Amino acid sequence: MARRLREAVADGRLPAGTRLPASRVLAAELGVSRGVVTDAYRRLAEAGQVAGRGRGGTVVVALAPAAVPAAAPARPAPALFRDDPDPEVFDQLRATPARIDLTPGVPDLAAFPRAAWLRGERAVLDGLAAADLGYGDVRGTPALRQAVAHWLARNRGIRADPEEVLVVAGTAQALALLGRALGRAGITEVAVEDPGSLGARQHLAHWLAATPPVPVDAEGIRVDALRATGAPAVLLTPAHQYPTGVVLGGDRRRELLRWADEGGLVIEDDYDAEHRYDRPPVPALRAELPGRVCYAGSTSKLLAPALRTGWLLVPPPLRAAVLDAKRFADLGNPVLPQLVLARLMESGELERHLRLLRRRHRRRRDAMIAAIRTHLPTATVHGAAAGLHLMLTLPEHLGCSDVELATAALARGVKVQPLSWHARLPYPPGLVLGYAAVPPGDLAEGIAVLGELVRRAGTGGGAPGARPAPA
């Protein structure tokens with residue numbers, strides 16, 4: 001239905017200003033549930049083609065080109081995908097339009113609790129004194145630091161005093177602050193998981209001299225290989241390793257904690273630990289060895305990346321240097337969003353929102369896995385029990401690199417990330433696919449395009465629309 005409506009807008013059958021039928025009326029005329037119609041209208045609203053006007057109904061507000069059908073000839077794609085992506089690649093990728101965006105790491109942004117946020121904002125403003133609008137504590141508002149301490153105790157098993165909590169502008173800033181503080185302490189090398197997040201590695205590499213890769217297997221990071229690097233610190237995603245999705249196993253966990261207890265420093269990126277579907281929660285490493293673990297979390301996967309709000313816990317020896325780095329970076333996060341977030345955390349609104357997201361994300365994950373079984377039966381799915389993304393590994397005899405496959409997919413309007421972006425050590429070709437922000441119908445359509453490209457590559461035809469990666 002959404003596709004037909006987009007086509008009607010594009011070819012002028014529904015010109016700008018047209019009022020669409022009420023969802024109940026159209027559902028009755030077509031013999032479908034009202035939810036089908038409201039979901040189709042929502043998709044067009046997210047694309048900026050229609051807008052709700054209250055009692056004025058849903059109105060067409062902008063023209064847009066019709067969606068490219070799956071069998072349409074490939075169009076040239078921007079030269080985004082290359083074997084050695086530079087730091088600007090994520091900005092370029094976000095700015096590149098796609099019919100179906102399977103970029104990993106984004107929750108269902110359409111589910112953002114706008115009503116609860118507005119209620120919280122009004123309540124905060126009603127009780128705000130004039131003095132509260134001045135420069136605040138560089139560590140963050142006391143209300144949010146206390147709310148975060150309570151949240152971590154309830155959800156991650158971490159006992160932290162609010163005085164230990166530093167409010168930051170997301171995990172990206174947490175890594176930047178740690179990079180500066182570690183450099184001042186003479187630590188210029190932080191090991192990273194491999195495969196591991198390209199973005200996180202780039203942030204650390206901006207501040208530090210080296211980020212040696214350490215292989216990850218079915219039990220998580222290989223601590224023997226970590227020891228072999230000689231690195232004094234390591235960045236980890238132990239609750240849901242990015243991108244493989246493995247959980248740090250019990251024996252491996254104890255081995256890592258012994259390494260840390262002997263003087264190693266762990267930076268724990270707990271980026272999406274709250275999103276789990278088929279397994280019990282895993283306690284944070286910070287809960288077991290607070291004196292050797294820096295812990296970073298954020299609202300980017302809980303609410304929206306646009307809030308740019310996160311939290312950082314660091315051991316006492318690093319605390320002053322990290323606080324100095326924060327002070328000279330920005331004098332602290334904006335106060336009003338902190339107070340609203342604190343209210344959502346302490347009132348239970350954030351837990352209710354998380355329960356809603358888990359149900360919705362699980363349905364979308366199941367839809368993606370079902371589509372993969374149908375259209376990509378030779379692919380292996382990793383990390384399905386939790387998180388917001390799946391990792392696929394593809395047969396070695398694919399016939400093209402995963403960079404070429406991602407390029408070809410973008411030419412067909414489907415945006416994905418090649419697995420090789422996140423691996424420096426030898427690893428099978430694959431893709432990293434986000435599902436949380438995409439409706440089930442679009443997920444199935446996007447996976448069908450990928451399946452067609454893989455089949456063509458497997459028959460020796462190469463990935464349609466693929467071009468060699470730039471040197």
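Bear in mind that the values here come from a model prediction, so they are computed numbers and not experimental data.

Engineer: Summarise the overall build of the chain; cite the residues concerned and give the values.
Structural biologist: Of the regular secondary structure elements, the chain holds 15 helices and 16 strands. Here the C-alpha atoms of the chain give a radius of gyration of 23 Å, agreeing with the 23 Å that 2.2 N^0.38 yields for 471 residues. Taking the principal axes of its C-alpha atoms as reference, the chain extends roughly 65 × 60 × 40 Å. Within the chain, the fraction of its 471 residues that count as buried is 52%.

Engineer: Any details on helix α14 (residues 402-411)? Residues and values, ideally.
Structural biologist: Burial runs high along α14: 9 of the 10 residues are buried. Every buried residue of α14 is accounted for by Asp402, Val403, Leu405, Ala406, Thr407, Ala408, Ala409, Leu410 and Ala411. Tucked into the core, α14 has its buried residues touching β14 (414-415), β15 (417-418), β16 (430-434) and α15 (440-458). Where α14 terminates, the next one or two residues include Gly413, which has phi positive at roughly 90°.

Engineer: Could you give an account of the confidence of the model for the chain, with specific residues and numbers?
Structural biologist: Put simply, the chain has an average pLDDT of 90, and 94% of its residues get 70 or more. Here residues 64-77 is modelled with pLDDT under 50, and outside its nearest four sequence neighbours on either side it reaches 24 contacts, counting other chains as well. For the stretch residues 465-471, pLDDT sits under 50, and the model shows 18 contacts to residues farther than four places along the chain or on other chains.

Engineer: Tell me about the packing of aromatic side chains, residues and numbers included.
Structural biologist: Tallying each qualifying case throughout the model produces 3 aromatic pairs. Residues Phe90 and Trp421 carry aromatic rings whose centres are separated by 5.9 Å and whose planes lie at 80° to one another, so their mutual orientation is edge-to-face. In this pair, Phe90 is assigned in helix α4 (residues 89-95) and Trp421 in the loop between β15 and β16, connecting sequence segments 331 residues apart. Considered together, Phe90 and Trp421 belong to a single accessibility category, that of buried residues. Ring plane angle 50° and centroid distance 5.8 Å describe the contact between Phe112 and Trp117, whose orientation is recorded as tilted. When sorted by exposure, Phe112 lands in the same class as Trp117, which is buried.

Engineer: Tell me about helix α3 (residues 34-46), and please be specific about residues and values.
Structural biologist: With 13 residues, α3 should cover 18 Å at 1.5 Å per step; its first-to-last C-alpha distance of 18 Å lies within 8% of that length. Taken together, the buried positions of α3 are Val37, Ala40, Tyr41, Arg43 and Leu44. The buried residues of α3 occupy one face: seen down the axis, they fall within an arc of 155°. Contact partners of the buried residues in α3: α1 (2-10), α2 (23-30), β1 (50-52), β2 (58-60) and α15. After α3 finishes, the residue Gly48 shows a positive phi value of roughly 80°.

Engineer: Please give an account of the pairing of strand β10 (residues 293-298) that cites residues and values.
Structural biologist: For β10, a buried count of 6 out of 6 residues is recorded, marking the element as mostly surrounded by other parts of the structure. Judged from the 4 bridges that link them, strand β9 (residues 265-269) and β10 form a sheet pairing that is parallel. Across the sheet, residue Asp269 finds its bridge partner in β10, namely Ala296. In this sheet, strand β11 (residues 310-313) lies alongside β10 in antiparallel orientation, the contact comprising 4 bridges. Paired with Gly297 across the strands is Trp311, a residue of β11.

Engineer: So, a nonpolar patch on the surface: which residues are in play, and what are the values?
Structural biologist: Where nonpolar side chains cluster on the molecular surface, the patch consists of Met1, Leu30, Val32 and Val36 and spans about 300 Å² of accessible area. Structurally, Met1 is set in the segment before α1.

Engineer: Give me the packing of helix α6 (residues 142-156) against helix α13 (residues 349-375): which residues, what numbers.
Structural biologist: At a closest axis distance of 12 Å, the pairing of α6 and α13 adopts a crossing angle of 40°. With respect to their mutual orientation, α6 and α13 come out oblique. As α6 packs across α13, the resulting crossing turns out to be right-handed. Together, Trp151, Arg154 and Asn155 of α6 and Leu350, Glu351 and Leu354 of α13 make up the contact between the two elements. By residue class, the composition of the contact of α6 with α13 is 3 nonpolar, 1 polar and 2 charged.

Engineer: Mind laying out the layout of surface pockets, listing which residues take part and the relevant values?
Structural biologist: Roughly 320 Å³ of internal volume is contained in the second largest pocket. Surrounding the second largest pocket, 17 residues form its lining, Asp132, Gly136, Thr141, Val335 and Leu339 being those nearest its centre. With 3 residues, the single largest contributor to the lining of the second largest pocket is helix α12 (residues 335-347). Grouping the constituent residues of the lining of the second largest pocket by class yields 8 nonpolar, 6 polar and 3 charged.

Engineer: Outline empty space enclosed by the protein, listing residues and values.
Structural biologist: According to the stated counting rule, one finds 4 cavities of 30 Å³ or more in the structure shown. By volume, the largest cavity is sized at about 90 Å³. Every residue along the wall of the largest cavity is listed here: Val192, Glu193, Gly196, Ser197, Ala200, Arg201, Leu235, Thr237, Tyr242 and Asp269. Looking at the lining of the largest cavity, the elements that each hand over two or more residues are β5 (190-194) and α8 (198-207). Split by residue class, the lining of the largest cavity holds 4 nonpolar, 3 polar and 3 charged.

Engineer: Talk me through the pattern of salt bridges; I want residue IDs and the actual numbers.
Structural biologist: Evaluated as defined, the whole model comprises 31 salt bridges. A salt bridge links Asp137 to Arg145; its shortest N-O distance comes to 3.2 Å. Residue classification places Asp137 among the partly exposed residues on the basis of a relative accessible area of 30%. With a relative accessible area of 2%, Arg145 lands in the buried category.

Engineer: Tell me about the sheet that holds strand β4 (residues 166-168), and please be specific about residues and values.
Structural biologist: The strand order β4-β11-β10-β9-β8-β5-β6-β7 describes an open sheet built from 8 strands, whose pairing is mixed. The open sheet is flanked by β4 and β7 (220-221), the only strands paired with a single partner. Sheet analysis places β5 next to strand β8 (residues 233-236), joined by 3 bridges and oriented parallel. Bridge pairing in β8 links Val192 to Leu235. Sheet strands in contact with helix α10 (residues 250-261) are β6 (213-217), β7, β8 and β9, and its direction is about 130° off that of β9. Here helix α11 (residues 316-330) sits on the sheet and contacts β4, β9, β10 and β11; the angle it forms with β4, its principal contact strand, is near 35°.

How each quantity is defined
Residues numbered from 1 in each chain as written. Predicted model: local features only at pLDDT ≥ 70, side-chain atom pairs only at ≥ 80, totals over all residues. Heavy atoms only, no water. Helix = DSSP H or I, 4+ residues; strand = E, 2+ residues; numbered from the N terminus. Rg over C-alpha atoms; globule rule 2.2 N^0.38 Å. Buried < 20%, exposed > 50% of the residue type's maximum accessible area, 1.4 Å probe, protein only. Contact = heavy atoms within 4.5 Å. pLDDT = per-residue confidence, 0-100. Phe/Tyr/Trp six-rings, centres within 6.5 Å; stacked < 30°, edge-to-face > 60°. Expected span 1.5 Å × (residues − 1). Arc of directions from axis to C-beta. Pairing = 2+ DSSP bridges. Patch = residues over 30% accessible without salt bridge, like charges linked within 9 Å, V, L, I, M, F, W, Y side chains within 5 Å. Areas by Shrake-Rupley, 256 points an atom, 1.4 Å probe, with all protein chains shown as cover. Salt bridge = Lys/Arg side-chain N within 4 Å of Asp/Glu carboxyl O. Axes fitted to C-alpha atoms, helices over the stretch in contact; angles between N-to-C directions. Parallel < 35°, antiparallel > 145°, perpendicular 65-115°, else oblique. Left-handed = near helix turned anticlockwise from the far one by under 90°. Nonpolar A, V, L, I, M, F, W, Y, C, P; charged D, E, K, R; others polar. 1 Å grid on protein atoms, 1.4 Å probe; cavity = no way out; pocket = protein on both sides within 12 Å on 5 of 7 lines; lining within 4 Å. Points joined across faces, edges and corners; volume = space filled by probe spheres on them.

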